[in-house]
Amino acid sequence: MITVGMNYEVREGKGPVFEEGFRGVLVVMAGTTGHIKSRLFKDIDSPGSYLIHSEWQSKEAFAAFIRSKEFAEVTRWGSEEILAGRPSHKVYGE
């Protein structure tokens, strides 16, 4: 199993839209092979700063998800309308 931390900076005023969009991503992830669980956290000292904590059966399962059409669509939507910058991902353990 691996854990992935995905860090996002959201444009001012777009937090609620990002949070609601994440609910839709959770639905997609629930049906994704190798996905175990994901949660969204918000930095209370920096309201536009979010962390998605995601657990996967393997690094390969996560890699397949980020190469998927669904992930590409969400990424495009986020970069065009929601995110203040490029997200960063960090993979922990296996």
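Structure: above.
Residues numbered from 1 in each chain as written. Predicted model: local features only at pLDDT ≥ 70, side-chain atom pairs only at ≥ 80, totals over all residues. Heavy atoms only, no water.

### Examining the packing of aromatic side chains
And then number 1: Counting across every chain of the model gives five aromatic pairs.
And then number 2: Ring geometry for Phe 18 and Tyr 50: centres 4.9 Å apart, planes at 50 degrees, overall tilted. Residue Phe 18 is located in helix H1 (residues 15-30), and its partner Tyr 50 is located in strand E3 (residues 49-56); the two are separated by 32 residues in the primary sequence. Like Phe 18, the residue Tyr 50 is buried in the burial classification.
And then number 3: Where Phe 65 meets Phe 71, the ring centres are 5.3 Å apart and the plane angle is 65 degrees; that geometry is what we call edge-to-face.
And then number 4: Judged by its relative accessible area of 5%, Phe 65 falls in the buried class. (Phe/Tyr/Trp six-rings, centres within 6.5 Å; stacked < 30°, edge-to-face > 60°. Helix = DSSP H or I, 4+ residues; strand = E, 2+ residues; numbered from the N terminus. Buried < 20%, exposed > 50% of the residue type's maximum accessible area, 1.4 Å probe, protein only.)

### Concerning helix H2 (residues 59-66)
In an α-helix, one turn spans 3.6 residues, which is why side chains three or four residues apart end up on the same side.
And then number 1: Looking at H2, one finds that the buried residues are Ala 61, Phe 62 and Phe 65. Angularly, the buried residues of H2 cover 95 degrees about the axis, an arc narrow enough to put them on a single face.
And then number 2: Against the buried residues of H2 lie strand E1 (2-9), H1, E3, helix H3 (69-82) and strand E4 (88-92). (Arc of directions from axis to C-beta. Contact = heavy atoms within 4.5 Å.)

### Quick notes on the packing of H1 against H3
And then number 1: In the contact formed by H1 and H3, the axes pass within 11 Å of each other and the chain directions differ by 175 degrees. With respect to each other, H1 and H3 are oriented roughly antiparallel. Contacts between H1 and H3 involve Val 17, Phe 18, Gly 21, Val 25 and Val 28 from the first element and Glu 70, Val 74, Trp 77 and Ile 82 from the second.
And then number 2: Taken together, the residues of the contact of H1 with H3 sort by class into seven nonpolar, one polar and one charged. (Axes fitted to C-alpha atoms, helices over the stretch in contact; angles between N-to-C directions. Parallel < 35°, antiparallel > 145°, perpendicular 65-115°, else oblique. Nonpolar A, V, L, I, M, F, W, Y, C, P; charged D, E, K, R; others polar.)

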